[in-house]
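Structure assessment
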Amino acid sequence: MEVALAAAAAGAWSAYMASVKEGRSQPPGDLLREGVRLVKSLVEPPAPDPAEGLRGLPLVVGANHESLECDRAGLPDAPALYAVAAFLHAVGESGRLQHLHLSHTALGGAAEAEALAAALRGLAGLRTLRLRGCALGERQASTVCAALLSTALSPDAAAAAAAAATAAAAAPPHGATPAHADIGAAADAEGSSSLMVSSACRDRAPPALTLEELDLTSNGIGGGEGAAAVALLLASAPALRRLDLGYNGLGGRGCVALADAVAALPALQSVGLAANDIDDEAVCGLALALRRRGSPVRELDLEANLAADTAMQELLRFSAASASLLTLRTGANAVGPVGGAAVAAHLLAHPNGPLTSLTLSNNPLGQAAGAALAAAMSENQACMHMHV
């Protein structure tokens, strides 16, 4: 202690002599505060590293706490999750954490999801969030999305957005549109839930989310409350470049709820909607929204859904109108001879792209469409990867 006090006095005296030499007058109170600061810097222990509480867990903490990633198996138990939540709380104010990967961590319980959500509310600088296979379900997915959204909305706007999500989730189920209505009318009628979501966000402050990648694959989000909550989040994520919502049981209703929000993202490069039981009509609505909005998406994954000939034709219209779509995956759907012939005609009409990769495997195309596709591929210079 004596050494510390002597050093503090010496520092204060040096500051005083420097001020005198430069012709400045420094009040004695300032000298005293400088001495106290020096004493504290020498006597008080350094602030503990927030990552110390994560020791022994299957986690990798990036330099300067910029990233946190668990291994492929996820966090082992609830205490581990609570330790992560404490770490996120500690580093949240600094804004340094940009990448959070907690895939395959069990978040289906209300307590676990709320612990993570509470920590996410302070992460305004987050750029990447990966929560693959966390068993969130509709309710907990809504909790996580609301936590992320709270960093971008004022309290009043957040309340209005929550009310819109409830209204969207209660909208009539997909398929209520008369069968004779055309695709555009169907998309407009069935897209009412996504329009409600968008209108709730019109009067809010400019979006502040910095999120660039969101991966919620295999979480059982469903087509109601969960899909509406994701749509609200997307409306406040203009920087988003990669979105993966595959294997979530969205169905046609969930796809319709998301279509307008997805199509409106100005920086979006990749969309994953594989294995969601999305029917032909809903895929038509999505393709129509992407075309009308001039979406910049480069990769669209619709593998293992229920898209048929009409949806394929609408997707090709989007491709023809887009200068950006490079990869289209529609394998394991219900595309038949008409859709296959439409693809062949598209490849002949657009020999220089933009499509460079197209997946049509495990579709009932028929032999004639297969032969037409083979002939078209020989003439197309851009599409280098065709899976039939």
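See the structure shown above.
Read on for a plain summary of the structure. (Residues numbered from 1 in each chain as written. Predicted model: local features only at pLDDT ≥ 70, side-chain atom pairs only at ≥ 80, totals over all residues. Heavy atoms only, no water.)

**Considerations on the environment of Cys 284**
Inspection of the secondary structure puts Cys 284 in helix H11 (residues 280–293). Of the residues examined, Cys 284 reaches a relative accessible area of 2% and is grouped as buried. Taking C-alpha positions, Cys 284 is 4.7 Å from Ala 311, a pair spaced 27 residues apart along the chain. (Helix = DSSP H or I, 4+ residues; strand = E, 2+ residues; numbered from the N terminus. Buried < 20%, exposed > 50% of the residue type's maximum accessible area, 1.4 Å probe, protein only.)

**Notes on helix H13 (residues 337–349)**
Helix length check: H13 (13 residues) gives 18 Å between terminal C-alpha atoms against 18 Å at 1.5 Å per residue, within 8%. When H13 is considered as a whole, its buried residues turn out to be Gly 339, Gly 340, Ala 342, Val 343, Ala 344, His 346 and Leu 347. Check the buried side of H13 and you find it contacts helix H12 (309–321), strand S10 (357–359), helix H14 (367–379) and strand S11 (385–387). (Expected span 1.5 Å × (residues − 1). Contact = heavy atoms within 4.5 Å.)

**Comments concerning H11**
In this model H11 runs 20 Å from its N-terminal to its C-terminal C-alpha over 14 residues, within 8% of the 20 Å that 1.5 Å per residue would give. For H11, a buried count of ten out of 14 residues is recorded, marking the element as mostly surrounded by other parts of the structure. Among all positions in H11, only Asp 280, Ala 282, Val 283, Cys 284, Gly 285, Leu 286, Ala 287, Leu 288, Ala 289 and Leu 290 are buried. For H11, the N-terminal capping position is held by Asp 279, with its side-chain oxygen 3.3 Å away from the main-chain nitrogen of Glu 281. Directly beyond the C-terminal end of H11, a positive phi value near 65° is found at Gly 294. (Polar contact = N/O pair within 3.5 Å; in protein donor to acceptor, adjacent residues only side chain to side chain.)

**Some details on the packing of helix H3 (residues 78–92) against helix H4 (residues 110–120)**
Look at H3 against H4: their axes get within 8 Å of each other, and the N-to-C directions meet at 15°. Judged by the angle between their axes, H3 and H4 are roughly parallel. Regarding H3 and H4, the two cross each other, and that crossing is left-handed. Contacts between H3 and H4 pair Ala 78, Leu 81, Tyr 82, Ala 85, Leu 88 and His 89 from the former with Ala 111, Glu 112, Ala 115, Leu 116, Ala 118 and Ala 119 from the latter. In the contact of H3 with H4, the residues fall into ten nonpolar, one polar and one charged. (Axes fitted to C-alpha atoms, helices over the stretch in contact; angles between N-to-C directions. Parallel < 35°, antiparallel > 145°, perpendicular 65-115°, else oblique. Left-handed = near helix turned anticlockwise from the far one by under 90°. Nonpolar A, V, L, I, M, F, W, Y, C, P; charged D, E, K, R; others polar.)

**Focus on the nonpolar core**
Within the largest apolar cluster, 95 residues are counted, with the highest numbers of intra-cluster contacts made by Leu 68, Leu 88, Leu 102, Leu 120, Leu 131, Leu 234 and Leu 245. Among all residues touching Leu 88, those that are not within four sequence positions of it are Leu 68, Leu 97, Leu 100, Leu 116, Ala 119 and Leu 123. (Core = buried A, V, L, I, M, F, W, Y, C linked by side-chain atoms within 4.5 Å.)

**A word on the environment of Ala 51**
Note on placement: Ala 51 falls in the loop between helix H2 (28–43) and strand S1 (59–61). By relative accessible area, Ala 51 is classed as buried at 15%. Apart from residues no more than four positions distant in its own chain, Ala 51 is found in contact with Val 61, His 65 and Phe 87.

**Observations concerning the environment of Leu 348**
Mapped onto the secondary structure, Leu 348 falls in helix H13. Residues Leu 348 and Leu 373, spaced 25 residues apart in sequence, show a C-alpha to C-alpha distance of 9.4 Å. Sequence-distant contacts of Leu 348, defined by excluding residues within four places in its chain, comprise Ala 376 and Glu 379.

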